[in-house]
Amino acid sequence: MKLSKLAIIAAIACGIQGSNASADQNGYGVTPVSHVASCDCDQPAGCDTSCDNGCDSGCGLGLADTLCAAGDCNLGDPWTLFGEHDGISAGGWTQIGYHTANLRNFNNRADEVQLHQAWLYAEKAIDTSCGFDIGGRIDYVYGTDAQDTQAFGTSPTGWDNSWDHGNSFNNYGHALPQAYFEAGYGDLSVKIGHFFTLIGWEVVGAPNNFFYSHAYTMIHSEPFTHTGALATYNVSDDITAYGGYVMGWDSGFDDNGDAYLGGLSLQVTDDWNFTYASTGGRFGEARFLGVEKGYMHSIVNQYTLTDKLQYISQSDVLNTENAAGDTARDTFGLNNYLIYTINDCLALGTRFEWWSVSRDSVNFGGVAGA
């Protein structure tokens, strides 16, 4: 009986793939959390064997080593529908979860096992190494997370905003969070269409988040999607610049404002990545007396402290006003993440957040989602 329980614990521990904990849902300059097996052994042969299966069991007698020794830690490459052919690929993922507390967005259907995301995508990645190339991507998601990434910024319109099972905000639904065309030449590429934001560290897609839950900053102070055009320019190996025009926040192919979206990513040192992203202009026409205009930015710093320890800090500032000139939203967020990598398949993390909303905000006390 004890052995069976140990095997179950080992399967759970080794089934969490730390290498999926990435913050980069669109390649927007935020460096993924990269976990590489590390072996410090006096006997190279034993060390090689342990690293091949993703565990460090041959190098020590720690709890994680013992648990991983009970099962295969090597999850292999991500599965796709038919592989990649001439840059074209299709795939997806499924997230199923359970929680006991309701939040405003995502994780808002408490006390039941639920399908958060049944995700499918098709993509033609561009390759500009030989000159000009074209491509694009489309994403589809079904589940309880779908309503939170629909084009709800122009509610009750929006191209996928009505694809719900009922009227309650916490029901199941469908969404098309991305549908864009992309073209590039050399170090410059441009997306045109509907795409995820480059604001913040946490993202919508489950595989690229370390935590199951989301920070208040992401939920209440950041956009999820944009519609417009966004250019990416690789200034050098260490500097990437972004800039473009979008029709506000969280809109489909209907007008929800006029805003700038851009930023800069710097690989300052081998162990420090800095990303600044901002948007300014008119964010939404469907609420706040028909107008919300202002500015917000997100600053993300990622530090590799040791081979196994990574620290991420994020600060967000949002200030907008409505048509009458009153403060619509005035928030400040400070997020801190500490992630410790045990091996290729298992990592531990903690998040500390301080999020503040001004009492002058129009919707103070019931802050609307992004």
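Residues numbered from 1 in each chain as written. Predicted model: local features only at pLDDT ≥ 70, side-chain atom pairs only at ≥ 80, totals over all residues. Heavy atoms only, no water.

A. Examining the packing of aromatic side chains more closely. This model, assessed by the stated rule, comprises twelve aromatic pairs. An angle of 65 degrees between the planes, with centres 5.6 Å apart, marks the rings of Phe 106 and Phe 224 as edge-to-face. One end of the pair, Phe 106, is in the loop between β2 (88-97) and β3 (114-124); the other, Phe 224, is in the loop between α4 (216-221) and β7 (225-234), with 118 residues separating them in the sequence. One aromatic cluster in this structure is built from Trp 201, Phe 210, Phe 211 and Tyr 337. Taking the ring centre of Tyr 121 as reference, the NZ or CZ of Arg 137 above it sits at 4.4 Å. (Phe/Tyr/Trp six-rings, centres within 6.5 Å; stacked < 30°, edge-to-face > 60°. Helix = DSSP H or I, 4+ residues; strand = E, 2+ residues; numbered from the N terminus. Lys NZ or Arg CZ within 6 Å of the ring centre and 35° of its normal.)

B. Spotlight on the confidence of the model for the protein. With 73% of its residues at a pLDDT of at least 70, the protein reaches an overall mean of 79. The low-confidence segment residues 1-24 (pLDDT under 50) makes 47 contacts with residues lying over four places distant or belonging to another chain. Low pLDDT (under 50) marks residues 364-369, which in the prediction has 17 contacts with non-local residues, meaning those over four places away or in another chain. (pLDDT = per-residue confidence, 0-100. Contact = heavy atoms within 4.5 Å.)

C. A look at the pattern of salt bridges. For the coordinates displayed, the defined rule picks out seven salt bridges. A salt bridge links Arg 329 to Glu 292, with the nearest nitrogen and oxygen atoms 2.8 Å apart. Here the residue Arg 329 occupies a position in strand β13 (residues 327-341), and Glu 292 occupies one in strand β11 (residues 292-304), the gap between them amounting to 37 residues. In this structure Arg 329 comes out as buried when scored by relative accessible area, which is 1%. Bridged by salt links that share partners, the residues Glu 123, Arg 137 and Asp 139 form one connected network. (Salt bridge = Lys/Arg side-chain N within 4 Å of Asp/Glu carboxyl O. Buried < 20%, exposed > 50% of the residue type's maximum accessible area, 1.4 Å probe, protein only.)

D. Looking closely at the nonpolar core. By size, the foremost hydrophobic cluster in this structure holds 14 residues, and its most contacted members are Phe 195, Leu 198, Ile 199, Leu 230 and Leu 261. Listing elements by their share of this core, those giving two or more residues are β8 (239-246), β9 (259-269) and β10 (272-284). Of all hydrophobic cores here, the second largest spans 13 residues; its members include Trp 119, Tyr 121, Ala 146 and Phe 152. (Core = buried A, V, L, I, M, F, W, Y, C linked by side-chain atoms within 4.5 Å.)

E. Structural context of the pairing of β9. Note: β8 against β9, eight bridges, orientation antiparallel. What sits directly across from Gly 243, in β9, is Gly 262. Linking two consecutive strands that pair antiparallel, namely β9 and β10, is a turn of two residues. (Pairing = 2+ DSSP bridges.)

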